[in-house]
Protein chains: 14
Amino acid sequence: MDMLTAKTIILAASALGAGLAMIAGLGPGIGEGYAAGKAVESVARQPEARGDIISTMVMGQAISESTGIYSLVIALILLYANPFLSKLG
Amino acid sequence: MDMLTAKTIILAASALGAGLAMIAGLGPGIGEGYAAGKAVESVARQPEARGDIISTMVMGQAISESTGIYSLVIALILLYANPFLSKLG
Amino acid sequence: MDMLTAKTIILAASALGAGLAMIAGLGPGIGEGYAAGKAVESVARQPEARGDIISTMVMGQAISESTGIYSLVIALILLYANPFLSKLG
Amino acid sequence: MDMLTAKTIILAASALGAGLAMIAGLGPGIGEGYAAGKAVESVARQPEARGDIISTMVMGQAISESTGIYSLVIALILLYANPFLSKLG
Amino acid sequence: MDMLTAKTIILAASALGAGLAMIAGLGPGIGEGYAAGKAVESVARQPEARGDIISTMVMGQAISESTGIYSLVIALILLYANPFLSKLG
Amino acid sequence: MDMLTAKTIILAASALGAGLAMIAGLGPGIGEGYAAGKAVESVARQPEARGDIISTMVMGQAISESTGIYSLVIALILLYANPFLSKLG
Amino acid sequence: MDMLTAKTIILAASALGAGLAMIAGLGPGIGEGYAAGKAVESVARQPEARGDIISTMVMGQAISESTGIYSLVIALILLYANPFLSKLG
Amino acid sequence: MDMLTAKTIILAASALGAGLAMIAGLGPGIGEGYAAGKAVESVARQPEARGDIISTMVMGQAISESTGIYSLVIALILLYANPFLSKLG
Amino acid sequence: MDMLTAKTIILAASALGAGLAMIAGLGPGIGEGYAAGKAVESVARQPEARGDIISTMVMGQAISESTGIYSLVIALILLYANPFLSKLG
Amino acid sequence: MDMLTAKTIILAASALGAGLAMIAGLGPGIGEGYAAGKAVESVARQPEARGDIISTMVMGQAISESTGIYSLVIALILLYANPFLSKLG
Amino acid sequence: MDMLTAKTIILAASALGAGLAMIAGLGPGIGEGYAAGKAVESVARQPEARGDIISTMVMGQAISESTGIYSLVIALILLYANPFLSKLG
Amino acid sequence: MDMLTAKTIILAASALGAGLAMIAGLGPGIGEGYAAGKAVESVARQPEARGDIISTMVMGQAISESTGIYSLVIALILLYANPFLSKLG
Amino acid sequence: MDMLTAKTIILAASALGAGLAMIAGLGPGIGEGYAAGKAVESVARQPEARGDIISTMVMGQAISESTGIYSLVIALILLYANPFLSKLG
Amino acid sequence: MDMLTAKTIILAASALGAGLAMIAGLGPGIGEGYAAGKAVESVARQPEARGDIISTMVMGQAISESTGIYSLVIALILLYANPFLSKLG
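Residues numbered from 1 in each chain as written. Chains lettered and ligands numbered in written order. Predicted model: local features only at pLDDT ≥ 70, side-chain atom pairs only at ≥ 80, totals over all residues. Heavy atoms only, no water.

The name an unreviewed UniProt entry assigns to chain A is ATP synthase subunit c, from the organism Hypnocyclicus thermotrophus. Quoted verbatim from the Sequence similarities (unreviewed entry) heading of the UniProt record, the comment on chain A is "Belongs to the ATPase C chain family." (UniProt positions renumbered as here; feature names shortened; annotations may be inferred.)

Written out as structure tokens, the structure is:
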């Protein structure tokens, strides 16, 4: 196998792996939407606590977001800093 | 393997990977729709808090949207700035 | 591999990738339908707030729609402005 | 690969891609049915608000319909205005 | 590849694509059944509003039906007016 | 490829496509059963409205049935009036 | 391809297609069981309305059954009156 | 292809098709269990209506059973009265 | 193809088909467990109706069991009385 | 095909079929757990009915267990009393 | 086929079959967790019935565990007492 | 087939089988989390019963854990004490 | 087969098996999030029991975590202490 | 097989395995979003307990996050510290 073939197969697998990893993003999407709905409901009931509600929501969503960000990180590494290629050499 | 074959395989895998990544978009779609439904319900009950409700909804949805945007970003990179090709050279 | 074969494989993968990407559209469809149901319920209870309810629903649905639109964008790019082909040259 | 083979593979992939894209239609079907059920319930409770309820339902459903229409658009383009073929030439 | 082989592959893919597209029909089936159940419940409670309830149900179901009809349209086009064949010529 | 092979492949794909299309029938089955359950419940509570309840149920189920019928239609066309064969000639 | 091979492939695909089509039967099974459960509950509460309840249940289940019957019809046609074979001739 | 090979392929596909068809049996299993649970609950509340409850349950379950029986019928035909073989002759 | 090969392929497909058919058993498992739970709850509330409750539960579960038994029957036929082999002769 | 190859293929398919059949065991696992939960709840409320509750639970679970046992039986037959092998002779 | 190849194929299929069978373990995991949650809730409400509650929970869970144990048994047989090998001889 | 090839195929299948078996771990994860949530809720309501609640939770979770442990056991055997290899000799 | 090929196939299968095993992690993620939500709710209602609530939550989550840790352990063994390789020798 | 081919296959499998492992991230995303929603609701009701609520939420989410982090760890090891390659030598 020549070097070009090797790189091609690894990069094609990286593209598919990046696509698979991004699917995890549907979990935070559902969860954070639930949090947003609860925040909207709460703001309507206690408008005076609006600041507290929104800051809690944003903090909670930010942490929920993390697995989505992990997937993004893995995908970006696969795309831009693909560490596999340097291992072929 | 010649360079054209290599590029072809990588780009075909990129097209499939981009399609897989976009599937994550069904999560934010469900979650944000839940938030929208809660906002509609709340506006009907407290029309005087309409501004607060809508701004909370938009903020909550915007954050929920993020994993959908990550997928879009990965797909656009795969399409337009495909970093894999430069690694073949 | 000749240029025609290369283009064929990439375009066939693009057609399948576009189809996969569109599947994400089932998420916003469910979510926005929930919002529409809540709006209908609310209008019946507070007909006097009809304007507020509908404008909130439309705004909430428009944002929920976004991941569906991202998928449409990716599919249209794959179809009409397929950036992969220019990379073969 | 001759031109006929190329066209055949692309068009076959387009047919499968169009079928995959249409699957998204199950989301709006569920969501809009929920909205219709809520409208029926509301009309029975407030028959005097019938006009408002139905117009809200139709507007909400019309927007929920959009991702289904996007899929239809992509499928129709793949069928009738298949942009891939012109790229082979 | 001769013309007969080309047509065969495209038509076989069209048959599978049409079958895939029809699967979307399970969404409207669930959604409209929910609306029908709500209508039945409402008619029993307010028999005097029977006309309004049924006309609302039919209108709501008719719109929910649309993505099922889109799938039918795509399948019928693939079967009867298969636009792919004219592109081979 | 001879004509017999072509017909064989198309008809085999049609048989699989017809089977896939029929799967959509599980949606109306669930939805209409929900409507039937609601009708039974309502008849027990308001036996005097029995006529109205049953006619509403039948009408609602008949419309919900439609996507199941679309699938049946597509399957029957694939079986009996397979339009693909005439296109081979 | 000889005629025996052609028939074999078509009949094997028909057997698989019939099996796929029958899977739709799980939908009516769940839906009608829901209706039966509601009927049982109602009979216990209003034993005097037993006739009405059971006749409503049977009618509702009979209609819900229809997509299951469609699948049976398609499977039986594939098995006994396989229209594909006459098209080979 | 000789006759033995033809029979072998058809019978192997029939065995797989029969297995697929039987999967539909999970639907009636869930639905009838729901009905049984409701009957148990009702008998405990109105022991004097025990006869009515059980006869309603059995009737409702018997009808729900039908799609499971359809699957059994198709599987038994595929096993014992396989109509495909007579078509090879 | 010699007779041994034919038998081998059919028996291997029968083993897989029997395994697929048994999967249906998860439906009755869930449904009957629901019925058992309701019976336990009811016995605790009306210990004096214990006989009626348990006999109702057993009868309801026995009928729910039927699709599981159908699967068992098909699997046992495939294993012990495999009717396919006699058709090869 | 020699006898050893035939036995190998049948036994490998039997191993996979046994694995598939055991998957059905997740249904009784969920259902019986529901029954156990209800029994625990009931014992806490009516400790004096403990004997009745537990005997009802065990009876209900034992019947729910049956489809899991069917799967075990089929798997054990495939493993120990594999009837397929005697049919090769 | 030599004996080593035969053993290899059977043992590889056994490894995959054992893995498939263990998947059933997710059912008891969910069901017993539900029972545990109910026990915790009940102990908090009636601490005096703690002994009865825990013994009921353990008995209920032990029975629910059974399908998980069946899977374990099948997997262990496939691993340690693989009966297939003795059949090759 | 030489001994090295045989070992390779068996060990590769063992690695995949171990991965499949571990998937069962998602069931106990969901179930025990439910129990933990109930324990937290109960401790807040009856802090004086904290000891009883936690010991019940731990006992309930420990039993729920068992199918996850079975999977771990099977995976560890496949990895460390792979009994298949000794059978090749 | 040479030793390098053997190692390659085993290590590639180990990489896929490790990925499959990690999927189990979605179960504890959902379950522990439920426990966290209940803890948050309880702390808000009984802030004075904060210590008890959090220690209960952490203990419950720690146990729920276990199947996720098992998966991690299996994956790490596959990666770092791959016991398969020593068996090739 | 030469060393380059070996490395290529292992690295391609690692890329796919990393993508599979990241899918687990959808579980914590849903679970933590539930916790965030509960925190938002609680802050609105007891703004005075805001500190306690948020610290509980963060602690609960941090532990729920763990299986997502395990997946990230496995993926990063597969990418950067791929231990498989050193085993080839």
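Asks: So what exactly am I meant to see when it comes to the overall build of chain A here?
Replies: Across its full length, chain A carries 5 helices and 0 strands. Shown N-terminal to C-terminal, the secondary structure of chain A runs as helices and strands in the order α-α-α-α-α. Relative to a compact globule of 89 residues, whose C-alpha radius of gyration would be 12 Å, chain A shows 20 Å and is clearly more extended. Projected onto the principal axes, the alpha-carbon positions of chain A cover approximately 70 × 15 × 10 Å. With 89 residues in all, chain A has 73% of them scored as buried. Accessible surface computed for chain A: about 2300 Å², of which carbon and sulfur atoms make up 69%. Treating the 5 positive side-chain charges of chain A as one cloud and the 6 negative ones as another, the clouds have centres 5 Å apart. (Helix = DSSP H or I, 4+ residues; strand = E, 2+ residues; numbered from the N terminus. Rg over C-alpha atoms; globule rule 2.2 N^0.38 Å. Buried < 20%, exposed > 50% of the residue type's maximum accessible area, 1.4 Å probe, protein only. Areas by Shrake-Rupley, 256 points an atom, 1.4 Å probe, with all protein chains shown as cover. Lys, Arg positive; Asp, Glu negative; His and termini not counted. Charge placed at Lys NZ, Arg CZ, Asp CG, Glu CD.)

Asks: Would you explain the packing of helix α1 (residues 3-22) of chain H against helix α4 (residues 66-80) of chain H in this entry?
Replies: The axes of two packed helices give the description: the angle between them and the distance between them. Residues and elements named next belong to chain H. Packing of α1 against α4 brings their axes to within 9 Å, and their N-to-C directions diverge by 170 degrees. Classified by the interaxial angle, the pair formed by α1 and α4 is roughly antiparallel. Contact residues: α1 offers S14, G17, A18, A21 and M22, while α4 offers S71, L72, A75, L78 and L79. Here the contact of α1 with α4 is composed, by residue class, of 7 nonpolar, 3 polar and no charged. (Axes fitted to C-alpha atoms, helices over the stretch in contact; angles between N-to-C directions. Parallel < 35°, antiparallel > 145°, perpendicular 65-115°, else oblique. Contact = heavy atoms within 4.5 Å. Nonpolar A, V, L, I, M, F, W, Y, C, P; charged D, E, K, R; others polar.)

Asks: Looking at this structure, I do not really get the interface of chain A and chain N. What am I missing?
Replies: A common way to state how big an interface is: give the accessible area lost once the parts meet. Counting residues at the interface gives 47 residues for chain A, matched by 49 residues for chain N. With both sides pooled, the region where chain A packs onto chain N buries about 4000 Å², and carbon together with sulfur makes up 74% of that total. Residue R50(N) is joined to D52(A) by a salt bridge in which the shortest nitrogen-to-oxygen separation is 3.2 Å. Counting across the chain A and chain N interface gives 10 residue pairs in polar contact (both at pLDDT 80 or more). Classifying every residue of the side of chain A that touches chain N gives 28 nonpolar, 14 polar and 5 charged. (Buried area = accessible area lost by both parts, 1.4 Å probe. Salt bridge = Lys/Arg side-chain N within 4 Å of Asp/Glu carboxyl O. Polar contact = N/O pair within 3.5 Å; in protein donor to acceptor, adjacent residues only side chain to side chain.)

Asks: Sorry, what's going on with the pattern of salt bridges here?
Replies: Side-chain pairs of opposite charge can arise whenever the charged atoms involved come near each other. In this structure the tally under the stated criterion is 42 salt bridges over all chains. With its nearest N and O atoms 3.2 Å apart, the salt bridge here joins E41(N) to K38(A). In this pair, E41(N) sits in helix α2 (residues 26-45) while K38(A) sits in helix α2 (residues 26-45), so the two residues belong to two different chains. Residue E41(N) is classed as buried on the basis of its relative accessible area of 11%.

Asks: Before we go on, may I ask you to explain the confidence of the model for chain A in this structure?
Replies: In low-pLDDT regions, the fine details of the predicted coordinates are not to be read closely. All names here are of chain A. For chain A, the mean per-residue pLDDT works out to 91, and 99% of the residues sit at or above 70. Per-element confidence in chain A is highest for α2, whose mean pLDDT is 94, and lowest for helix α5 (residues 83-88), whose mean pLDDT is 79. Overall fold confidence for the complex sits at a pTM of 0.91, while the interface term, ipTM, reaches 0.88. (pLDDT = per-residue confidence, 0-100.)

Asks: Quick question: what am I supposed to make of helix α3 (residues 50-64) of chain I here?
Replies: Note: α-helices contain 3.6 residues per turn, so residues at a spacing of three or four share the same orientation. The first and last C-alpha atoms of α3(I) sit 21 Å apart over 15 residues, in line with the 21 Å expected at 1.5 Å per residue. Of the residues making up α3(I), those classed as buried are I53(I), I54(I), T56(I), M57(I), G60(I), Q61(I) and S64(I). The arc that holds every buried residue of α3(I), seen down its axis, measures 160 degrees, which confines them to one face. The secondary structure elements touched by the buried residues of α3(I) are α2 (26-45) and α3 (50-64) of chain H, α2 (26-45) and α4 (66-80) of chain I together with α3 (50-64) of chain J. (Expected span 1.5 Å × (residues − 1). Arc of directions from axis to C-beta.)

Asks: Quick question: what am I supposed to make of the UniProt feature "domain: V-ATPase proteolipid subunit C-like" (unreviewed entry) in chain A here?
Replies: The feature "domain: V-ATPase proteolipid subunit C-like" (unreviewed entry), as given by UniProt, occupies residues 16-78 of chain A in the numbering adopted here. When the span residues 16-78 of chain A is considered, its composition is 87% helix and 0% strand, and the gap between its end C-alpha atoms is 10 Å.

Asks: Quick question: what am I supposed to make of the packing of helix α1 (residues 3-22) of chain C against helix α1 (residues 3-22) of chain D here?
Replies: In the contact formed by α1(C) and α1(D), the axes pass within 7 Å of each other and the chain directions differ by 5 degrees. As summarised for this structure, α1(C) and α1(D) are arranged roughly parallel, according to the angle between their axes. Along its contact with α1(C), which presents L4(C), T8(C), L11(C), A12(C), A15(C), L16(C), G19(C), L20(C) and M22(C), the element α1(D) presents M3(D), A6(D), I9(D), I10(D), A13(D), S14(D), L16(D), G17(D), L20(D) and A21(D).

Asks: Whenever I open this one, the interface of chain M and chain L confuses me. Can you help?
Replies: Counting residues at the interface gives 47 residues for chain M, matched by 49 residues for chain L. Approximately 4000 Å² of surface area, both sides summed, lies buried where chain M meets chain L, with 74% of it carried by carbon and sulfur atoms. On the surface where chain M and chain L come into contact, there are 9 residue pairs in polar contact (both at pLDDT 80 or more). Elements supplying a minimum of two residues to the side of chain M that touches chain L: α1 (3-22), α2 (26-45), α3 (50-64), α4 (66-80) and α5 (83-88) of chain M.

Asks: Mind showing me how you'd approach the arrangement of the chains here?
Replies: Note that chain C does not reach chain F: the shortest distance linking a C-alpha of one to a C-alpha of the other is 15 Å. As for chain L relative to chain D, no contact occurs, and the smallest C-alpha gap between them is 26 Å.

Asks: What is the right way to look at helix α2 (residues 26-45) of chain D in this model?
Replies: An ideal rise of 1.5 Å per residue puts 28 Å on 20 residues; α2(D) measures up with 29 Å between its terminal C-alpha atoms. Among the 20 residues of α2(D), 17 are classified as buried, and the element is accordingly described as predominantly covered.

Asks: Sorry if this is basic, but what is going on with the environment of G29(K) here?
Replies: Positionally, G29(K) belongs in helix α2 (residues 26-45). Distance from G29(K) to A12(K), taken between C-alpha atoms, is 28 Å for residues 17 residues apart in sequence. Residues in contact with G29(K), not counting those within four places in the same chain, are G27(L), P28(L), G31(L), S64(L) and T67(L).

Asks: Help me understand the packing of aromatic side chains in this model?
Replies: Centre-to-centre distance and the angle between the planes together describe a pair of aromatic rings. What the rule picks out here adds up to 14 aromatic pairs over all chains. The interplanar angle of 20 degrees and the centroid separation of 5.7 Å between the aromatic rings of Y34(I) and Y34(J) together place this pair among those described as stacked. Note that Y34(I) is positioned in helix α2 and Y34(J) in helix α2 (residues 26-45), a pairing that runs across two chains. (Phe/Tyr/Trp six-rings, centres within 6.5 Å; stacked < 30°, edge-to-face > 60°.)

Asks: Explain the environment of E65(L) to me, please; I cannot follow it from the model alone.
Replies: Along the chain, E65(L) turns up in the loop between α3 (50-64) and α4 (66-80). The class for E65(L) is buried, based on a relative accessible area of 4%. E65(L) sits 34 residues away from G31(L) along the chain, and the two C-alpha atoms are 9.0 Å apart. Excluding residues within four positions of it along the chain, E65(L) makes contact with P28(L), E32(L), I63(M), S66(M), T67(M) and Y70(M).

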